[in-house]
Amino acid sequence: MSGSFRFSSSLSPVHSRGFPKLRFFNPRIVVPNPVPLLKPMKTAHSRVVLPGNVKVAASELPVTSGKPAAVAESGGLQVDLVTEADLKANGFRSTRRTKIVCTIGPRTCEFEEIEALAVGGMNVARVNMCHGTREWHRDVIRRVRQLNEEKGFAVAIMMDTEGSEIHMDDLNGAESAKAEDGEIWTFTVRAFDPSACPERTITVNYDGFAEDVKVGDELLVDGGMVRFVVTEKIGPDVICQCTDPGLLLPRANLTFWRNGSLVQERNAMLPTISSKDWLDIDFGIAEGVDFIAVSFVKSAEVIKTLKSYITARSPGSQIAVIAKIESIDSLKNLEEIIKASDGAMVARGDLGAQIPIEQVPSVQEKVVQLCRMLNKPVIVASQLLESMIEYPIPTRAEVADVSEAVGQQADALMLSSESAMGQYPEKALAVLRSVSLRIEKWRREEKRLDATDPSNVSSCTPPSISEEICNTASQMANKLKADAIFVYTKNGQTASLLSRNRPDCPIFAFTPSTSIRRSLNLQWGLIPFRLDFSDDVESKLNRTFSLLKARGMINPGDLIIVVSDVLQSIQAIKVP
Ligand SMILES: Nc1ncnc2c1ncn2[C@@H]1O[C@H](COP(=O)(O)OP(=O)(O)OP(=O)(O)O)[C@@H](O)[C@H]1O
Ligand SMILES: CC(=O)C(=O)O
Ligand SMILES: [K+]
Ligand SMILES: [Mg+2]
């Protein structure tokens, strides 16, 4: 699919989701450019515009073999230009702790568009295997890799599986179809030739569909954006009347409800990982993605199966498995699922179609807390800035929702349609960034909740020396008002345990592995650097100090708490 694909505004999904097309009396106050617009670096001499309006001319940076040194690993230290310039200009406290995942779609798939997102603060790029071809995804993944190699970013790649829940067909290539109030539509398990498909007929991907539904059931498209009631069943055809009109989008999810409850008959028996998903997973392993997010996880078993499959297919691979919490069945097995996974996503879109929407906020809070206890990164996803698909500024309610997730100290926030096919992907990213920074700062100032309170973090994992060291180091950093914590970590575990404490200062995580560096980029408060280091604490510390000082990222007198996972030690050191 090409990058020129655009939804025309009259077909924007926002409209399908019940927003009036024209908002008379629009309550949006257009504030004077609340967030700086970012432009990616174009040439070695252009100015890189960074978060917080820091400007650094690429030509001012030391250049090695035609590339800026930040990219070319000066002295073996690798960090991206954006982080480097931000640290230089604004200091440690300025860094954003909450990470950002952006879904890459038709609106953001070109190299320059991906680069603009990276410059704007994207930490993880997500590709959704529900949409597009493998070739399309391969191109996106390779562009992200190229960006990392050429510009020193550590943008991780997350592949999200399609899963085998019930969904509609692709509308024979149409961007959408409008269902009007009272209209009769047919949902069928019959497949048609695109040219021979009768009007108002939609093919459903699940063969048991016509058998499972009953007359009187409610059929919800995309969690209730469009609703139908089943009036008649004729063999493979389910005849429905539209009760809540709206736009039907290709491959939209379908659920059916009886007497106010989700019906889960044989569809509950559909595999979490379909045969197509396994092929996509093989593709993801071959392309070396960093995370595989599994849609509609119902139990821990599927996560264990996938993890052992990855190990067998690609021994020594660092691919992490993220459980998407979006199925009603997952809620009964939350703790086991999260324990088996390397992280979780609160996938509020489909979750809100499987449980009453008023229950979504409490599930979000519970999953975020559980992940924190179990030391697993957690992503809050879907509809954070939904109106920005179409408008350049968010609603106040959306800002409040983002603030809530940041206040819960989730590791990451995710953009879906906003970045995949919305009109303002960079602005949406800028809003996530500025709201995160503001709420994080406010939280530190207010100390509204003591993040290092051991009761908050220490239960549920078996106590370990590393964990105690990290808890103590974080408390020390807070009490001494340290400027940063440095951690030298080979497999990332110690960095994770520090992040889990949500300390007041940023955590510089030095790792010799580029893939660990990328995977740490999903975790709260971690600034991952690639650095080869020896086991000798003294020498690696002196080397790090001189490399960072030479690049202006730390200053003499800065107080650093140093944690080493090899020696299991804590040191408090003033930068000489
Ligand atoms: N690779 C792609 N090609 C085309 N359209 C895409 C692509 N990725 C995303 N989109 C569009 O962006 C929208 C939002 O993306 P998102 O990843 O949230 O998908 P979704 O269909 O809501 O499924 P999920 O529940 O997995 O998030 C999609 O509905 C689709 O219209
Ligand atoms: C992200 C996702 O899959 C959802 O919200 O449904
Ligand atoms: K998906
Ligand atoms: Mg989903």
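Model, not experiment: these values are computed from the prediction.

## Thoughts on the site of ligand 1
Near ligand 1, the surroundings consist of 16 residues, among which Arg126, Asn128, His131, Asp350 and Ser417 are the closest. Arg126 places a polar side-chain atom, nitrogen or oxygen, 2.7 Å from an oxygen atom of ligand 1. Asn128 is positioned with one of its side-chain polar atoms (N or O) 2.7 Å from an oxygen atom of ligand 1. Protein contacts shield 82% of the accessible area of ligand 1, which totals 590 Å² for the unbound molecule. Mapped onto the shell around ligand 1, the elements with two or more residues apiece are β7 (124–128), α4 (134–151) and α12 (417–420). For the shell around ligand 1, the per-class residue count stands at six nonpolar, seven polar and three charged.

## Topic: the site of ligand 2
Taken together, Arg126, Lys324, Glu326, Met345, Ala347, Arg348, Gly349, Asp350, Ser382 and Met414 make up the full set of residues near ligand 2. A distance of 2.7 Å is found between an oxygen atom of ligand 2 and a side-chain nitrogen or oxygen belonging to Lys324. Residue Ser382 places a side-chain N or O atom 2.5 Å away from an oxygen atom belonging to ligand 2. In the complex, 92% of the free accessible area of ligand 2, which totals 220 Å², lies under the protein chains. Of all the secondary-structure elements, those providing two or more residues to the shell around ligand 2 are β20 (343–347) and α9 (348–354). Considering every element that reaches the shell around ligand 2, the biggest residue donor is α9, with three residues.

## Points about the pairing of β20
Looking down a regular strand, the side chains alternate between one sheet face and the other. Of all the five residues making up β20, five are buried; the element is thus mostly covered by neighbouring parts of the structure. The alternating pattern of β20 places Gly343, Met345 and Ala347 and Ala344 and Val346 on opposite faces, both of which are buried. Sheet topology places strand β19 (residues 320–325) next to β20; four bridges connect them, and they run parallel. Bridge pairing in β20 links Ile322 to Gly343. Assessed by its sense of winding, the connection that carries the chain from β19 through helix α8 (residues 334–340) to β20 is right-handed.

## Quick word on the coordination of the magnesium ion (ligand 4)
Those protein atoms acting as donors to the magnesium ion (ligand 4) are Glu326 (OE) and Asp350 (OD), and they sit at 2.0 to 2.1 Å. In this model, the magnesium ion (ligand 4) sits 5.2 Å from the potassium ion (ligand 3). You can see Glu326 sitting in the loop between β19 and α8 and its partner Asp350 sitting in helix α9, a full 24 residues away along the chain. With respect to burial, Glu326 and Asp350 carry one shared label: buried.

## Some thoughts on the coordination of the potassium ion (ligand 3)
Bound to the potassium ion (ligand 3) on the protein side are Asn128 (OD1), Asp160 (OD) and Thr161 (O), at distances that span 2.7 to 2.9 Å. Read in sequence order, the donor residues coordinating the potassium ion (ligand 3) give the pattern N-x31-D-T. Among the residues examined, Asp160 registers a relative accessible area of 0% and is labelled buried. Exposure remark for Thr161: the relative accessible area of 1% places this residue in the buried category.

## Concerning the nonpolar core
Ranked by internal contacts, the top residues of the largest apolar core, which has 72 residues, are Ile292, Val367 and Leu385. Core analysis: the next-biggest nonpolar cluster, separate from the first, contains 27 residues, Phe228, Ala252, Leu254 and Val263 among them.

## Some points on unusual backbone geometry
In this structure, Leu171 takes a positive phi of about 55 degrees despite not being glycine. Here Leu171 shows up in the loop between β8 (156–160) and β9 (177–179). One non-glycine residue, Gln383, lies in positive phi territory at about 65 degrees. In this structure Gln383 comes out as partly exposed when scored by relative accessible area, which is 38%.

## What about the sheet that holds strand β24 (residues 507–511)?
Taken in spatial order, the six strands make up an open sheet running β5-β25-β24-β23-β26-β27, and their pairing is mixed. Every other strand in the sheet has two partners, leaving β5 (77–78) and β27 (569–574) as the edge strands with one partner each. Pairing geometry for strand β23 (residues 484–488) and strand β26 (residues 559–564), over five bridges, is parallel. Bridging across to β26, Tyr488 finds its partner in Ser564. Most of the contacts of helix α16 (residues 493–500) go to β23, to which it runs at about 155 degrees, and overall it touches β23, β24, β25 (526–531) and β26.

## Regarding the packing of aromatic side chains
The description of two aromatic rings rests on the distance between their centres and on the angle between their planes. Applying the stated criterion across every chain, the model contains 13 aromatic pairs. Relative to Phe510, the ring of Tyr488 has its centre 5.2 Å away and its plane inclined at 20 degrees; by these criteria the two rings are stacked. Here the residue Tyr488 occupies a position in strand β23, and Phe510 occupies one in strand β24, the gap between them amounting to 22 residues. Taking the relative accessible area as the measure of exposure, Tyr488 reaches 1% and is therefore buried.

What counts, and at which threshold
Residues numbered from 1 in each chain as written. Chains lettered and ligands numbered in written order. Predicted model: local features only at pLDDT ≥ 70, side-chain atom pairs only at ≥ 80, totals over all residues. Heavy atoms only, no water. Near = heavy atom within 4 Å. Polar contact = N/O pair within 3.5 Å; in protein donor to acceptor, adjacent residues only side chain to side chain. Areas by Shrake-Rupley, 256 points an atom, 1.4 Å probe, with all protein chains shown as cover. Helix = DSSP H or I, 4+ residues; strand = E, 2+ residues; numbered from the N terminus. Nonpolar A, V, L, I, M, F, W, Y, C, P; charged D, E, K, R; others polar. Buried < 20%, exposed > 50% of the residue type's maximum accessible area, 1.4 Å probe, protein only. Pairing = 2+ DSSP bridges. Right-handed = clockwise from strand over helix to strand, strands pointing away. Donors = N, O, S within 2.8 Å, 3.2 Å for Na, K, Ca; no water. Core = buried A, V, L, I, M, F, W, Y, C linked by side-chain atoms within 4.5 Å. Contact = heavy atoms within 4.5 Å. Axes fitted to C-alpha atoms, helices over the stretch in contact; angles between N-to-C directions. Phe/Tyr/Trp six-rings, centres within 6.5 Å; stacked < 30°, edge-to-face > 60°.

Limitation: the analysis is restricted to geometry and does not speak to function.
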